[in-house]
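Now for the letters of each chain:
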Amino acid sequence: MAGHYVTTDEGLHLYCETRGDGAEALVFPNGLMMKDDFAWLAGDRTLVFYDPRHRGRSDAAGDARAARGIHDDVDDLEAVRRYFGFEKMALFGHSYVGVMVALYAMTRPARVSRVIQMSPAEPYPGKAYPAHLT
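Residues numbered from 1 in each chain as written. Predicted model: local features only at pLDDT ≥ 70, side-chain atom pairs only at ≥ 80, totals over all residues. Heavy atoms only, no water.

Participant: Lay out the pairing of strand E4 (residues 45-50) in plain terms, naming residues and giving numbers.
Facilitator: Most of E4 is tucked away: five of the six residues are buried. Bridge count for strand E2 (residues 13-19) against E4 is four bridges, and the pairing is antiparallel. When the sheet's bridge partners are listed, Arg19 is paired in E4 with Leu47. Relative to E4, strand E3 (residues 24-29) runs parallel, the two being bridged by six bridges. Residue pairing across strands places Phe28 opposite Phe49, the latter belonging to E4. (Buried < 20%, exposed > 50% of the residue type's maximum accessible area, 1.4 Å probe, protein only. Helix = DSSP H or I, 4+ residues; strand = E, 2+ residues; numbered from the N terminus. Pairing = 2+ DSSP bridges.)

Written out as structure tokens, the structure reads:
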């Protein structure tokens, strides 16, 4: 597993680790804790696991942390794509990151081959579910 630091447009450093070197890219934002569980997917793919800003071994932005919120995370994902030179990438999102990768896919559809969701967060906090779904 190779370690990398990707520099964002703001100059922050995001810590990444990779597995495999295949033509298809599968990116796991906030996924370093899953790298061993999903290593088997690396056969013909390049897997990228990274710590988003303010998490793990990636830089924090100080007082500007919430300036743009999720939009900073979306832009950082684009910096990861550019760093590795992926034309398109599959994205794995869980919890909050599920919303973030969906937003990335909606704003940059030409850069996404697929989105894989695992228990994504509800994009509308406080939304009431019908009784049969609670």
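Participant: So what's going on with the packing of aromatic side chains? Residues and values would help.
Facilitator: According to the stated counting rule, one finds seven aromatic pairs in the structure shown. Taking 4.9 Å as the distance between ring centres and 35° as the angle between the ring planes, the aromatic pair formed by Phe28 and Phe92 counts as tilted. Of this pair, Phe28 sits in strand E3 while Phe92 sits in strand E5 (residues 89-95), placing them 64 residues apart in sequence. For the residue pair Phe28 and Phe92, the accessibility class agrees, reading buried in each case. Phe92 sits in the buried class, given a relative accessible area of 6%. (Phe/Tyr/Trp six-rings, centres within 6.5 Å; stacked < 30°, edge-to-face > 60°.)

Participant: Before we move on, could you go through the environment of Arg19 and cite the residues and values that matter?
Facilitator: Its place among the elements puts Arg19 in strand E2. Residue classification places Arg19 among the partly exposed residues on the basis of a relative accessible area of 23%.

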